[in-house]
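Chain by chain, the residues:
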Amino acid sequence: MPPLSNERWQIVSPYLDRALDLPRAERASFLSSLRAEDEAIAGDLEALLVAHDELSRDNFLGEDAAPAQPEASLAGLVVGAYTLREPVGQGGMGTVWLADRSDGRFAGTAAVKLLNASLIGHEGEARFKREGNLLARLKHPHIAQLIDAGVSSLGQPYLILEYVDGERIDAYGDRHGLSIEARVRMFLDVLDAVAFAHANLVVHRDLKPANVLVAKNGQVKLLDFGIAKLIATGDGGATLTGEGQAAMTPAYAAPEQLTGGAITTATDVYALGVLLFVLLTGRHPTGGGGGTPADVVKSVVENEPPRGLIRGDLDTIVAKALRKKPDERYASAEAFADDIRRFLAHQPIQARPTSLGYRVAKFVRRNRPQVAAAMMVAFALIAGAVGIAWQAQEARLQRDAALAQLARATATNEFVGSLLSGAAPGDGKFTLTELLERAEGTIDKQFAHDDATRSDLLATIGGLYAETSHWDKAKPLLEKADQVAERMNDPLVRARALCPLAFMTMIEGGDAKEAERMMERALGGLPDGGLYDPQRAECLLVRAQFGFITDEAQPMVENAEKAIAILDRTHGASASVKVDALNALAQGYYLSHQIGKADATYDLAVKTLEASGQEQTITASDTLNNWGILHMRGDVGKSVTLLRRVYDLDRAIEGQDAKPSASNNLANALLRAGHPEEAGTLSQDGIRVARARQSETDQIEGLLLLTESDLDRGETGRAEEDLRQLQPFLGGSHISTNRKGALSYLRGRIAAARGDDASAIAAYGEALDFFSHAKRPNLLKVVTLDRLAQIKLALHDTAAARDAAGKALDLARSLVDKDGPSFFVGLSLLTQGDVEAAGGDRDAAKRAYEEAVRHLQTTVGADHPSTKEAVRKSSA
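In this numbering scheme, every chain counts its residues from 1 along its sequence in written order. Only residues with pLDDT of at least 70 are given local features in this predicted model, and only at 80 or more are side-chain atom pairs given and counted; all residues enter the totals for whole chains, interfaces and linings. Side-chain calculation: all heavy atoms of the structure are included, whereas hydrogens and water are not.

Asks: What is the right way to look at the overall build of the chain in this model?
Replies: When helices and strands are counted, the chain shows 36 helices and 12 strands. Relative accessible area decides the class of each residue, using a 1.4 Å probe on protein chains only: under 20% of the type maximum gives buried, over 50% gives exposed, and in between gives partly exposed. Counting all 876 residues of the chain, 51% fall into the buried class. The method behind every accessible area is Shrake-Rupley, applied with a 1.4 Å probe, and residues are considered shielded solely by the protein chains displayed. Carbon together with sulfur atoms contributes 51% to the accessible area of the chain, which is approximately 37900 Å² in total. A helix here means a DSSP run of H or I that spans at least four residues, while a strand means a run of E at least two residues long, and both kinds are numbered starting from the N terminus.

Quick look at the structure:
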């Protein structure tokens, strides 16, 4: 058939895509339906399909070709630096192949997209090349990256793209049984990718579930910019440039795409609305997924999406995205995302007028952590009063003291109630610090003639300041509470003030002897009996933390065990305090390298929280975080699972962004688990939030992790730029010994990547010197020793390599229980095997490789690059 004009191709192309996606047996019916609607389009399409079949028989395409499967004959074809392995997809534009890197530089897979031979010389070829030009400028963690482009030896244009081994976003959500919130958070990554494309003047125009995949690690990837176009900006606003505007998937097209209107960023917003509707309900919002082409167009242009399938604000958000008129939708993907974030943070969304009742309800929900923290004072004292009243029945000698405490608890409850009533709902948030400052300003006036209640409240507020690290505010209040309590001879209130004061003395000035004397006064002043047991347990927990500061495990274990014994016999003991005690005990086991005991103790702490309905609290987040960091020493896979829970929980608690520490900890675990791309994205998030919060410590940690993730991806230039961003911090107090070691380690890796072995060896030596002066073993020390050993092996210095590898293996084994699985032991055994092989002892090398396989498969799985290397070497 003669080539179609560009204008005619624009009209027919989407129907060709649709026909080629159908089974061959269904194409005749499709053509018949189309012919009834538009005879001319049906005629052109039939001619194209005939040409397609002819080319297939000539071995250009493989579908239904007999009997040699022509497409399969392309297996083994070298395209750029890759060798085609097997076809993984086909559409109107071309075929997609899974391919292996074959130029020897490094191992890897990619997706190779070959333009159908039938389209060479047509507008399709220009469209195909345009896709490469667009993708080259879209470097984003949630967009499948362009690796290379060119023309194959057979004359077919090709694109080499990042291969995403995943499934459609809707199928992923269904298979994993994701909650509405989890699906919405996943959809935010799609919005982020589209917003990035729009910012680079690119409209996708074909957003649908098949073009949004979720990889096995849970990362969302946006695919297929085959019909994307650049946006021209001018006085009339942003519109699509050039030709080809008819290309689309009709069921996911916006009304203006089907009626020939202007294509803008609002066009993608509509498709995003359809995508979110499908993701949340499992059905199309207009019933536009099937029928004849005319039925599809009619449903999209005329049918309104049903309301009520999605509850609450989400229904309103989706409805706004699906408005028929572009100017009534969200103005951008970023505006769409902003309302999604508001929904997740329980804030008023922009898509609806807000009544007073609506805003008040949102205020209460988004301020729940602050309200809960403030109410903690009242609830803790009420709970204490109930326990006191119960204990008063046990011993008449304690009756008067119990009644006095009950009276103080009642007065305190009324005080906290009046304090909270002054925090009326409004547009802004109130913080715990603001609430405590308000309380501090009224205590002396309101309780001028009630020293007992005044000292109790001063101790409570001072303790809360201390818990939130506001030491400058905490200390004078605690000292004042102690003075009032001493004058009154009230041992309970005095202990409540002295114990946090002792802790502050310990961490501020490092005066362990003075801190211990204060603790002895607090504990020694408490009489025996159940009335004083809860406070005794809390003081013992404070004393347990002394051991964490001084790196003495035994005092931590002993004091935590005493506190747990007291809490177990105390009627109505707080679950949160019990969890604090279990955390302290687990930390003691951690310091003494009793990983199995620490693991079991953290497990009990989490179960205690779940049993008391506190699995969505800050305490739960802290516990899971400590548990995840514990497993960084060995079972990195479990560490990733736990720290991902922390990250998700932290985002839910914080309302939008996780704390930088949560992002950084998960990024660190993901680096070890072999996921540098996701780790890099998380570390960038952590850096952004840390900058907003002016946290130098978290910025430094994030930049170190970002540097390492770039190095793991082979991005040496970016890694050097990351390190340059650390320069402003190098003279500050936040650069600890371990961080200085990490800096030297990364400089060594950059030098090694540049082929400068001498500089790499010097940098690794400097890193090891820093690590040797650190208080606690650093996992990077194991990695540094392993890398040093590998360089020494490459330089044929087998003796030095054996020394470094042996030290790495000894250190890695010391960090876990005997014979316990460990990623770092596996890494070190892999290096040890290389050393033995270089020395000519193949049997010893094989034993080391086989043991490495056992450790690595258990902790990071069979797909980790180090596991694959160990398997290969053990089988050689």
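Asks: Could you clarify how one ought to interpret the packing of aromatic side chains in this entry?
Replies: Two numbers describe a pair of aromatic rings. These are the distance of the centres and the angle of the planes. Stacked, edge-to-face and tilted are the three classes for Phe, Tyr and Trp ring pairs, Trp counted by its six-membered ring, which pair at centre distances within 6.5 Å; planes under 30 degrees apart are stacked, over 60 edge-to-face, the rest tilted. According to the stated counting rule, one finds four aromatic pairs in the structure shown. Both rings, one in Phe187 and one in Phe336, keep their centres 5.7 Å apart while their planes meet at 65°; by these two values the pair is edge-to-face. Linking Phe187 in helix α6 (residues 180-199) with Phe336 in helix α11 (residues 333-344), this pair joins segments that are 149 residues apart in sequence. Whether a charge lies above a ring is judged from NZ of Lys or CZ of Arg, which has to be within 6 Å of the ring centre and within 35 degrees of the ring normal. Looking at Lys320, its charged tip hangs above the ring of Tyr330, at a distance of 5.4 Å from the centre.

Asks: What should I look at first to understand the sheet that holds strand β9 (residues 212-215) in this one?
Replies: Sheet strands associate in pairs through backbone hydrogen bonding, adopting either a parallel or an antiparallel arrangement. Read across the open sheet, the three strands follow the order β7-β9-β10; overall the sheet is antiparallel. Each of the sheet's edge strands pairs with one partner strand only, and the pair in question is β7 (166-168) and β10 (220-222). The sheet shows a mean angle of 35° between the axes of neighbouring strands, direction not considered. Alignment of β9 against β10, held across three bridges, turns out to be antiparallel. Following the sheet pairing, Val212 is matched in β10 by Leu222. Should DSSP find at least two bridges between two strands, the strands are regarded as paired. Note on definitions: angles span 0 to 180 degrees between N-to-C directions of axes, and those axes are lines fitted to C-alpha atoms, for helices only across the stretch in contact.

Asks: Sorry, what's going on with the side chain of Arg543 here?
Replies: Relative to the helices and strands, Arg543 resides in helix α20 (residues 533-550). Contacts are assigned to residue pairs that have any heavy atoms within 4.5 Å of one another. Setting aside its immediate chain neighbours within four residues, Arg543 contacts Glu516, Met519, Glu520, Leu523 and Asn559.

Asks: Before we go on, may I ask you to explain the nonpolar core in this structure?
Replies: Proteins that are soluble and globular tend to have nonpolar side chains buried together. We define a nonpolar core as any set of buried Ala, Val, Leu, Ile, Met, Phe, Trp, Tyr and Cys residues linked to one another through side-chain atoms lying within 4.5 Å. Core analysis: the largest hydrophobic core is formed by 140 residues, its most contacted members being Met519 and Leu726. Counting 49 residues, the second largest nonpolar core, distinct from the first, contains Tyr172, Val190, Tyr270 and Ala337.

Asks: Help me understand the pairing of β9, please; the structure alone is not making it clear to me.
Replies: Within a regular beta strand, the side chains point alternately toward one face of the sheet and then the other, so they alternate between its two faces. The two faces of β9 match: Val212 and Val214 on one face and Leu213 and Ala215 on the other face are all buried. Relative to β9, β7 runs antiparallel, the two being bridged by three bridges. Across the sheet, the residue bridging to Gly166 is Ala215, located in β9. Linking two consecutive strands that pair antiparallel, namely β9 and β10, is a turn of four residues; a positive phi of about 90° is found at Gly218 within it.

Asks: Help me understand the environment of Ala845 in this model?
Replies: Mapped onto the secondary structure, Ala845 falls in helix α35 (residues 842-860). The spatial distance from the C-alpha of Ala845 to the C-alpha of Ser874 is 8.1 Å, given a sequence separation of 29 residues. Residues in contact with Ala845, not counting those within four places in the same chain, are Gly833, Glu836 and Ala837.

Asks: Just checking my understanding: could you explain the side chain of Thr681 for this structure?
Replies: Here Thr681 lies in helix α27 (residues 676-692). With relative accessibility at 15%, the residue Thr681 sits in the buried group. Not counting the four nearest positions on each side in its chain, Thr681 is found in contact with Pro141 and Gln219.

Asks: Can you walk me through helix α29 (residues 716-724) in this structure?
Replies: Turn by turn, an α-helix covers 3.6 residues, leaving residues three or four places apart pointing in a common direction. Taken together, the buried positions of α29 are Thr716, Ala719, Asp722 and Leu723. Looking down the long axis of α29, one finds its buried residues gathered within 110° of arc, a one-sided arrangement. Residues of α29 that are buried sit in contact with α28 (696-712) and α30 (737-753). The arc in question is the one traced by the directions running from the helix axis out to the C-beta atoms.

Asks: Where do I start with the packing of α30 against helix α31 (residues 757-772) in this structure?
Replies: Helix packing for two helices is described by the angle between their axes and how far apart those axes are. Where α30 meets α31, the axes come as close as 8 Å, and the angle between the chain directions of the two elements is 165°. The orientation of α30 relative to α31 falls into the category roughly antiparallel. For the pair α30 and α31, the sense of crossing is left-handed. Side by side, α30 and α31 meet where Thr737, Asn738, Lys740, Gly741, Ala742, Ser744, Tyr745, Arg747, Gly748, Arg749, Ala751 and Ala752 of the first sit next to Ser759, Ala760, Ala763, Tyr764, Glu766, Ala767, Phe770 and Phe771 of the second. Residue classes follow a fixed rule: Ala, Val, Leu, Ile, Met, Phe, Trp, Tyr, Cys and Pro count as nonpolar, while Asp, Glu, Lys and Arg count as charged, and any other residue, Gly among them, counts as polar. When the residues that make up the contact of α30 with α31 are grouped by side-chain class, the tally is 10 nonpolar, six polar and four charged. Each angle is binned into one of four classes, with values under 35 degrees roughly parallel, values over 145 roughly antiparallel, values of 65 to 115 roughly perpendicular, and all other values oblique. Put simply, a crossing is left-handed when the front helix is turned counterclockwise from the back one by less than a right angle, and right-handed when it is turned clockwise.

Asks: Can you help me understand α35 in this one?
Replies: By this rule, a helix spans an expected 1.5 Å times one less than how many residues it contains. Look at α35: 26 Å from first C-alpha to last across 19 residues, which is about the 27 Å you get at 1.5 Å a residue. When we look at burial in α35, the residues that qualify are Ala844, Ala845, Ala848, Tyr849, Ala852, Val853, His855, Leu856, Thr859 and Val860. Gly861 sits one or two residues past α35 and shows a positive phi near 90°.

Asks: Whenever I open this one, unusual backbone geometry confuses me. Can you help?
Replies: Note: most peptide bonds trans; most residues except glycine with negative phi. With phi around 60°, His593 is a residue other than glycine that occupies positive phi space. Using a relative accessible area of 30% as the deciding quantity, one classes His593 as partly exposed. Residue His796 is not a glycine yet carries a positive backbone phi of 65°. Within the fold, His796 resides in the loop between α32 (779-794) and α33 (798-814). Judged by its relative accessible area of 71%, His796 is exposed.

Asks: Can you walk me through the confidence of the model for the chain in this structure?
Replies: If pLDDT is low for a region, its predicted coordinates should not be looked at in detail. The predictor reports its confidence for every residue as pLDDT, a score running from 0 up to 100. Across the chain, the average pLDDT comes to 77, with 74% of residues at or above 70. Note that pLDDT drops below 50 for residues 55-72; the model gives that stretch 28 contacts with residues more than four away or on any other chain. Every residue in residues 423-428 scores below 50 in pLDDT, and together they form 13 contacts with partners more than four places removed in sequence or on other chains.

Asks: How should I be thinking about the environment of Lys221 in this particular structure?
Replies: Inspection of the secondary structure assignment puts Lys221 in strand β10. A C-alpha to C-alpha distance of 8.3 Å links Lys221 and Asn211, two positions 10 residues apart in sequence. Beyond its immediate chain neighbours, meaning those up to four positions away, Lys221 contacts Pro141, His142, Ile143, Ala144, Glu162, Val164, Asn211, Val212, Leu213 and Glu677. Polar contacts here mean pairs of N or O atoms no more than 3.5 Å apart (in protein, one a potential hydrogen donor and the other a potential acceptor; neighbouring residues in sequence count only if both atoms are side-chain atoms). For Lys221, the side chain forms a polar contact with the side chain of Glu162, separated by 3.1 Å.

Asks: Looking at this structure, how should I read the pairing of strand β5 (residues 146-151)?
Replies: Across five bridges, the pairing between β5 and strand β6 (residues 157-162) is antiparallel. Considered in β6, the bridge of Gly150 is made with Tyr158. Here β5 folds back onto β6, and the loop between the two strands holds five residues, one of which, Gly155, carries a positive phi near 85°.

Asks: What's the story with the packing of helix α34 (residues 823-838) against helix α36 (residues 865-875) in this structure? I'm lost.
Replies: Interhelical geometry of α34 versus α36 gives an angle of 35° and a closest axis separation of 10 Å. In the packing of α34 onto α36, the handedness of the crossing is left-handed. Contacts from Leu827, Leu830 and Asp834 in α34 reach Ser866, Glu869, Ala870 and Lys873 in α36. When its residues are assigned to classes, the contact of α34 with α36 shows three nonpolar, one polar and three charged.

Asks: How should I be thinking about the environment of Ala586 in this particular structure?
Replies: Residue placement: Ala586 occurs in helix α22 (residues 575-591). Exposure remark for Ala586: the relative accessible area of 0% places this residue in the buried category. Distance in space between the C-alpha atoms of Ala586 and Trp627 is 8.7 Å, their sequence separation being 41 residues. The contacts of Ala586, once residues within four sequence positions are left out, are Ala598, Thr601 and Tyr602.

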